[in-house]
Amino acid sequence: MIRALCLLSVLALAACGVDGEPVKPHGAINVGIGSGGVNAGATVGVTKGPLTVGVGVF
């Protein structure tokens, strides 16, 4: 949990443009229903130019 909070802090700092041109943050929450029951997951990340970096939890 601490690692996730640290990562989100770094992403938020980078997204505000303190170190240069701002990057675009993105996030998604996914919910699915299948034969195994209900599945949930989330992703967060940033995009700058052609590069996208993200982290997902499922």
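Residues numbered from 1 in each chain as written. Predicted model: local features only at pLDDT ≥ 70, side-chain atom pairs only at ≥ 80, totals over all residues. Heavy atoms only, no water.

Regarding the overall build of the protein
Selection criterion: Only DSSP runs of H or I reaching four residues or more are called helices, and only runs of E reaching two or more are called strands; each is numbered from the N terminus. Each residue is placed in one exposure class: buried if its accessible area under a 1.4 Å probe, protein chains only, is under 20% of its type's maximum, exposed if it is over 50%, and partly exposed if it falls in between. Any two residues having at least one pair of non-hydrogen atoms within 4.5 Å are treated as being in contact. Note on areas: these come from Shrake-Rupley sampling with a 1.4 Å probe, and a residue is covered only by the protein chains present in the view.
The helix and strand tally for the protein stands at one helix and three strands. Listed N to C, the secondary structure of the protein is α-β-β-β in terms of helices and strands. Here the protein, with 58 residues, has 10% of them falling under the buried criterion. Contacts in the protein between residues far apart in sequence, at least 24 positions, make up 17% of those at least 6 positions apart. Counting only carbon and sulfur atoms, one obtains 68% of the accessible surface of the protein, whose full area is about 4600 Å².

Some thoughts on the pairing of strand β2 (residues 37–48)
Under the convention used in this document: When DSSP finds at least two bridges between two strands, those strands are taken to pair.
Bridge count for strand β1 (residues 24–34) against β2 is eleven bridges, and the pairing is antiparallel. Within β2, the residue paired with Ile29 across the bridge is Ala42. Here β1 folds back onto β2 in antiparallel fashion, the turn holding two residues. Bridge count between β2 and strand β3 (residues 51–57): seven bridges; the pairing is antiparallel. Residue Lys48 lies in a different strand from β3, and its bridge partner there is Leu51. Between the end of β2 and the start of β3, which pair antiparallel, lie two residues, with Gly49 showing a positive phi angle near 65°.

What to know about the environment of Thr47
This is how the line gets drawn: Polar contact criterion, stated in full: a pair of N or O atoms within 3.5 Å, where within protein one must be able to donate a hydrogen and the other to accept it, and residues adjacent in sequence count only if both atoms are side-chain atoms.
By the secondary structure assignment, Thr47 is in strand β2. Overall, the relative accessible area of 22% leaves Thr47 in the partly exposed class. Separated by 22 residues in the primary sequence, Thr47 and Pro25 have C-alpha atoms spaced 6.3 Å apart. Residues contacting Thr47, with those up to four places away along its chain left out, are Val23, Lys24, His26 and Thr52. A polar side-chain atom of Thr47 sits 3.3 Å from a polar atom in the side chain of Thr52.

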